[in-house]
Amino acid sequence: MWSLSNIASGIHEWLSKTFPSTVVTVVEMVIVGVCVISLFAILGLVLVMMERKVSAWIQIRLGPNRVGPKGMFQSMADTVKLLVKEGMTPTGADKFLFNLAPYIAIIVSMLLMAPIAFAKDLTMWNLNIGVLYVSAISSVSVISILMAGWASNNKYSLLGAMRSGAQIVSYELSAGLSILCIVVLVGSLNLNDIIASQSNGWWIFKGHIPVFIAFIIFLIAATAETNRAPFDLAEAESELTAGFHTEYSGMKFALFFLAEYVNVFIVCAIGATLFFGGWMPLHIGHWEAFNHIMDFIPSSLWFFGKIFFLIFLIMWFRWTFPRLRIDQLLNLEWKYLLPISMFNLLLVTAMAILGWYF
């Protein structure tokens, strides 16, 4: 199987021979930081263009088709526009919190990248409690939204932020219970252990109906936590102008915009890791010849292919379902998804104890 560990090991060995250990650590951190920032920039361009093309395809229209071949450079043009656009701060706003909020949003997204295994032997931080880390850090994102809504000195912003707070806190429960289903089956919180447990088949296939139910609930809850339609009550344009980022412009707005798409990428990466084997190729039991052929495909291609498949599903939701009302959104979580998630976790626990899985 293809591995990028040789490249990382070569860089580490060269730095170790050239610099002291402290300098090596700092340089490696800088390299990782530059790689993450570069990935953010690329994801922003690719996912915005993907969103436009997917929506155009679903609605049977062309989408962007002016800037570059078939409109492929439209995202770059929008980026240049946001870079040169003046950032405004409303009169009466809390300037410090108003300016700080978008940076917290993007920093939280960067922190969530740490324990994700992007390919075989390619993890920024192989944390033994990776699942707990992701669940804990993702909860901090609501602070930036509440901060932006309150500091803007705008009733629409504040209302959107309060909606988002209620929404994220509610749907975290179902998302957490869905993740626990896989943790119970694997017996570990380490994301690399979860991937290794799927070497003979992905959990979405060998975990029977309870794991499939957990995946569906996770996908719904992840869509709600990222404030994506049909759960975009925090920025409902028909009611709240733009919700919590109504008063933002220029690069501050761009940071919120980028954080939303990066968060979609991250939740899809977690979903791919938990239910679809992460970077692990598709292996079927003792089909040695088939499994050997699958191993020729680079692990990073497997991982990103699964991620973009899940991103496509989330985009499909946006352009298919109408927006819910806030009471419908909360009813869906507290009256339906949460009870189903709790009962499903009991089923998975019984299944794990009795060994009723492939």
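Preceding this section is the structure that the text describes.
Residues numbered from 1 in each chain as written. Predicted model: local features only at pLDDT ≥ 70, side-chain atom pairs only at ≥ 80, totals over all residues. Heavy atoms only, no water.

(A) The pattern of salt bridges, seen in detail. For the structure on display, the rule yields seven salt bridges. Residues R228 and E51 are paired through a salt bridge, measuring 2.6 Å at the closest nitrogen-oxygen approach. Here R228 is found in the loop between helix 10 (208-225) and helix 11 (237-240), whereas its partner E51 is found in helix 2 (residues 21-58), with 177 residues between them in sequence. Of the residues examined, E51 reaches a relative accessible area of 4% and is grouped as buried. (Salt bridge = Lys/Arg side-chain N within 4 Å of Asp/Glu carboxyl O. Helix = DSSP H or I, 4+ residues; strand = E, 2+ residues; numbered from the N terminus. Buried < 20%, exposed > 50% of the residue type's maximum accessible area, 1.4 Å probe, protein only.)

(B) Looking closely at the nonpolar core. Judged by nonpolar contacts, the single largest core of 84 residues is most densely connected at M113, F265, F275 and I311. At 16 residues, the largest contribution of residues to this core is made by helix 12 (residues 250-275). Once residues lying within four places of it in the same chain are set aside, the contact partners of F275 are S178, I182, Q198, W202, W203, I204, V211, A214, F215 and F218. Judged by nonpolar contacts, the second largest core, of nine residues, contains I217, A221, L233 and L329. (Core = buried A, V, L, I, M, F, W, Y, C linked by side-chain atoms within 4.5 Å. Contact = heavy atoms within 4.5 Å.)

(C) View of the state of the cysteines. Within this structure, the stated rule accounts for zero disulfides. The thiol of C181 is unpaired, and the distance to the nearest cysteine sulfur, on C268, comes to 19 Å. For C268, a relative accessible area of 2% translates into the label buried. (Disulfide = S-S within 2.5 Å.)

(D) Examining the packing of aromatic side chains more closely. Under the defined criterion, the tally for this structure stands at 22 aromatic pairs. A centroid spacing of 5.8 Å and a plane angle of 20 degrees characterise the contact between W202 and F205, whose relative ring orientation is stacked. Taking the centre distance of 5.2 Å and the plane angle of 80 degrees together, the rings of F215 and F276 count as edge-to-face. One end of the pair, F215, is in helix 10; the other, F276, is in the loop between helix 12 and helix 13 (288-294), and 61 residues separate them in sequence. According to the relative accessible area criterion, F276 is buried, its value standing at 11%. (Phe/Tyr/Trp six-rings, centres within 6.5 Å; stacked < 30°, edge-to-face > 60°.)

(E) Structural context of the side chain of K306. Residue position: K306 is located in helix 14 (residues 299-318). Buried within the structure, K306 lacks any salt-bridge partner; D295 is the closest side chain of opposite charge, at an N-O distance of 10 Å. Excluding residues within four positions of it along the chain, K306 makes contact with W202, A272, F276, G277, G278, W279 and M280. (Lys, Arg positive; Asp, Glu negative; His and termini not counted.)

(F) How the structure looks around unusual backbone geometry. Phi is positive for D121, close to 60 degrees, though the residue is something other than glycine. Classification of D121 as partly exposed rests on a relative accessible area of 47%.

(G) Quick peek at helix 3 (residues 74-84). Three or more residues of helix 3 are buried, namely Q74, S75 and L82. Along the long axis of helix 3, the arc covered by the buried residues comes to 100 degrees, so they all point the same way. Set apart from the buried face of helix 3 by more than 90 degrees, the exposed residues are L83 and V84. Taken together, the buried residues of helix 3 touch helix 2 and helix 12. (Arc of directions from axis to C-beta.)

(H) Geometry of the environment of K70. Position of K70 relative to the elements: it lies in the loop between helix 2 and helix 3. The class for K70 is exposed, based on a relative accessible area of 68%. In this view, K70 contacts K53, P64 and N65; residues no more than four positions away in its chain are not counted.

(I) How the structure looks around the packing of helix 2 against helix 4 (residues 95-112). Between helix 2 and helix 4, whose axes approach to 11 Å, the crossing angle comes to 115 degrees. Taken together, the axes of helix 2 and helix 4 are roughly perpendicular relative to one another. Read as a crossing pair, helix 2 and helix 4 show a hand that is right-handed. Along the contact surface, helix 2 presents V36, I37 and F40, while helix 4 presents I106, S109 and M110. A per-class count over the contact of helix 2 with helix 4 returns five nonpolar, one polar and no charged. (Axes fitted to C-alpha atoms, helices over the stretch in contact; angles between N-to-C directions. Parallel < 35°, antiparallel > 145°, perpendicular 65-115°, else oblique. Left-handed = near helix turned anticlockwise from the far one by under 90°. Nonpolar A, V, L, I, M, F, W, Y, C, P; charged D, E, K, R; others polar.)

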